[in-house]
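Descriptive analysis of the structure
The chain contents come next:
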Amino acid sequence: MLDDTLLATARQAGDLLVRRGETVGVAEGSCGGLVSAALLAVPGASAYYRGGAVIYTAAAVRGLLGDAVPRPEPLRGASEPFARWLAEEISADLGATWGIGEGGATGPSGNPYGDPPGHCWTAVHGPSPATRHLLTGDDDRLANMTAFATAALTLLVDQLR
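Nothing here was measured: the structure is a model prediction, and the numbers come from that model.

Each value, and the rule that gives it
- Residues numbered from 1 in each chain as written.
- Predicted model: local features only at pLDDT ≥ 70, side-chain atom pairs only at ≥ 80, totals over all residues.
- Heavy atoms only, no water.
- Core = buried A, V, L, I, M, F, W, Y, C linked by side-chain atoms within 4.5 Å.
- Buried < 20%, exposed > 50% of the residue type's maximum accessible area, 1.4 Å probe, protein only.
- Helix = DSSP H or I, 4+ residues; strand = E, 2+ residues; numbered from the N terminus.
- Contact = heavy atoms within 4.5 Å.
- Pairing = 2+ DSSP bridges.
- Axes fitted to C-alpha atoms, helices over the stretch in contact; angles between N-to-C directions.
- Salt bridge = Lys/Arg side-chain N within 4 Å of Asp/Glu carboxyl O.

If you look at the biggest cluster of nonpolar residues, it comprises 32 residues, and the most contacted ones within it are Val-24, Val-35, Leu-39, Tyr-48, Ile-100, Leu-153 and Leu-156. Mapped onto this core, the elements with two or more residues apiece are helix H1 (4–20), strand S1 (24–28), helix H2 (34–40), strand S3 (98–105), strand S4 (119–125) and helix H5 (141–160). Among residues more than four places away in sequence, those in contact with Tyr-48 are Gly-14, Leu-17, Val-18, Glu-22, Thr-23, Val-24, Leu-39 and Val-42. Counting residues in hydrophobic clusters, the runner-up holds ten residues, among them Ala-53, Val-61, Val-69 and Phe-82.

Okay, structure coming up:
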């Protein structure tokens, strides 16, 4: 059901989080829950997974995320500041050591902001915050969702190491 590379990356993240005694929360948009699903597919996920939100729409952002961290104005999805804010906000909302934020354009067309399909920003917030931009050059929606989720978890693993 889930891509092997995505699952292997989630296992690495889970192992590192457990070893460090740390936790993670997830706010993902265009991944549609794949980041959370991959983390939860790892046995023992309850030791590190605090929760997650699929914030695919502005209504979901308003309804599912709190106001612990000032929102960037204007709130433009699929951007570096937005991904950074998502990661910090979900971490604060859930009391997690780490937060993952993600927003992008999966395809087959671009998003309302003019970003092409295959465009994604991922961010992690925690002891070592970081962001990463991904451009797959592909308009395959499912492939992009998987690539974005893998990129988000890879960014977390890189920061945990």
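The structure having been displayed, the exposition proceeds.
This part is about the sheet that holds strand S2 (residues 49–54). Read across the sheet, five strands follow the order S2-S1-S3-S4-S5 without closing on themselves; strand pairing throughout is mixed. Two strands in the sheet have a free side with no partner beyond their single neighbour: S2 and strand S5 (130–135). Shown here is a sheet whose adjacent strand axes are inclined to one another by a mean of 10°, direction ignored. The strands that H5 touches are S1, S3, S4 and S5; relative to S4, the one it contacts most, it runs at about 30°.

In this structure the tally under the stated criterion is four salt bridges. Glu-80 is the partner of Arg-84 in a salt bridge, and the nearest nitrogen-oxygen pair spans 3.5 Å. Remark: Glu-80 and Arg-84 occur in helix H4 (residues 80–94); sequence separation between them is four residues, near one turn of the helix. Looking at Arg-84, the relative accessible area reads 41%, which means it is partly exposed. Asp-158 is the salt-bridge partner of Arg-132, the closest N and O atoms lying 3.0 Å from each other. Of the two residues, Arg-132 is situated in strand S5 and Asp-158 in helix H5; the sequence distance between them amounts to 26 residues. Residue class for Arg-132 comes out partly exposed when judged on its relative accessible area of 32%. You can call Asp-158 partly exposed: its relative accessible area is 34%.

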